[in-house]
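Observations on the three-dimensional arrangement
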Amino acid sequence: GNSVTQMEGPVTLSEEAFLTINCTYTATGYPSLFWYVQYPGEGLQLLLKATKADDKGSNKGFEATYRKETTSFHLEKGSVQVSDSAVYFCALSGSGTSYGKLTFGQGTILTVHP
Amino acid sequence: EAQVTQNPRYLITVTGKKLTVTCSQNMNHEYMSWYRQDPGLGLRQIYYSMNVEVTDKGDVPEGYKVSRKEKRNFPLILESPSPNQTSLYFCASSSRLAGEFRGELFFGEGSRLTVL
C-alpha cells in the first residue's frame, strides 16, 4: 500500500534559519502530494500541494517540488519565523484502487526560537 | 463562515459504552473523512465517504462505524469503545472538482476521546 516517511523530529531552529523537512513516499500510480500544517490546539490546514511530477507547490514562503525520480516532496523555507512553529505533515492522495484515501506521514514538530 | 464542526470536543467514557462523535460541514462538500491522530503515527484514515450513502474503509476501520445519510453530516460511531481507541479524532471534508477528489481537506478542530 501507499506510505509516507518524514524525517524524524523534532526540529529546532533560530529565527531566520533555513528549513528543510524531508518527505519520501511509496505509491502506485500518480498520487498528488501535500504538506499540511497543524498549529497548537488546532486542526490541520493545507499548506501547499503538487499534483504531478516536477510541479512546485508554494505558499507563505514555503516550497516543495514533486520529484518522481527520487519519490520525494521535501519542504523548504528560506527564513523561518517564530510563528512557523507547528507540526508539519506530508501526505499523498492515492490513485487507482487507493482513490479517495489520504496517507499521512508521522509529522515533524518544528520549534523556532527568537 | 466555512467550517467543519465536531462534537464533542472532549469526552471521557468507559469501555463498552457506545458513543457517537458528530461531524457537520457547511461547504456543500461531497467528500468527508475521519482520521485518528496518535503520537508517532501521524494521522490514520478510519473511513471516508465520496458522497451520500457511499462509504469506504480507510486504513484503521476496526471498531468504528460511519453513516452518510445527508451530505453535510458524517458521524463516527464507536459501538463498544476500548482503551486502544483513546485518541484525537479529526473529521475533514473536501470538494470534488469536476467530480475529481483532489485531496485538499478542510479539518475540524478535533475531538479528544479517552476510554477508561
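Here is a short report on the structure shown in this document.

Brief notes about the overall build of chain A
A count of helices and strands for chain A gives zero helices and twelve strands. Mapped in sequence order, the helices and strands of chain A form the string β-β-β-β-β-β-β-β-β-β-β-β. Relative to its length of 114 residues, chain A is compact, with a C-alpha radius of gyration of 14 Å against a globular reference of 13 Å. In terms of its C-alpha atoms, chain A occupies a principal-axis envelope of roughly 45 × 30 × 20 Å. Looking at chain A as a whole, 48% of its 114 residues qualify as buried. Considering only contacts in chain A between residues 6 or more positions apart, those separated by 24 or more positions represent 56%. Placing the 8 positive and 10 negative side-chain charges of chain A at their respective mean positions leaves the two points 10 Å apart.

Overview of the overall build of chain B
Helix and strand counts for chain B come out as zero helices and 13 strands. From first element to last, N terminus to C terminus, chain B shows the α and β order β-β-β-β-β-β-β-β-β-β-β-β-β. Against the 2.2 N^0.38 benchmark of 13 Å for 116 residues, chain B shows a C-alpha radius of gyration of 14 Å, consistent with a compact globule. Its C-alpha atoms give chain B principal-axis dimensions of roughly 45 × 30 × 30 Å. Out of the 116 residues belonging to chain B, those deemed buried represent 49%. In the structure as shown, chain B presents an accessible area of about 5,600 Å², 51% of it carried by carbon and sulfur atoms. Charge centroids of chain B, computed over 14 positive and 12 negative side chains, lie 5 Å from each other.

Things to note about the packing of aromatic side chains
Under the defined criterion, the tally for this structure stands at twelve aromatic pairs over all chains. Aromatic pair Phe89(A) and Phe104(A): ring centres 6.3 Å apart, planes at 85 degrees, arrangement edge-to-face. Here Phe89(A), found in strand S10 (residues 86-93), pairs with Phe104(A), found in strand S11 (residues 102-104); they are 15 residues apart in sequence, far enough to count as distant. Since its relative accessible area comes to 1%, Phe89(A) is described here as buried. Grouping aromatic residues by their ring pairs yields a cluster made of Phe34(A), Tyr36(A), Phe89(A), Phe104(A), Tyr35(B), Phe90(B) and Phe107(B).

The rules behind each value
Residues numbered from 1 in each chain as written. Chains lettered and ligands numbered in written order. Predicted model: local features only at pLDDT ≥ 70, side-chain atom pairs only at ≥ 80, totals over all residues. Heavy atoms only, no water. Helix = DSSP H or I, 4+ residues; strand = E, 2+ residues; numbered from the N terminus. Rg over C-alpha atoms; globule rule 2.2 N^0.38 Å. Buried < 20%, exposed > 50% of the residue type's maximum accessible area, 1.4 Å probe, protein only. Contact = heavy atoms within 4.5 Å. Lys, Arg positive; Asp, Glu negative; His and termini not counted. Charge placed at Lys NZ, Arg CZ, Asp CG, Glu CD. Areas by Shrake-Rupley, 256 points an atom, 1.4 Å probe, with all protein chains shown as cover. Phe/Tyr/Trp six-rings, centres within 6.5 Å; stacked < 30°, edge-to-face > 60°.

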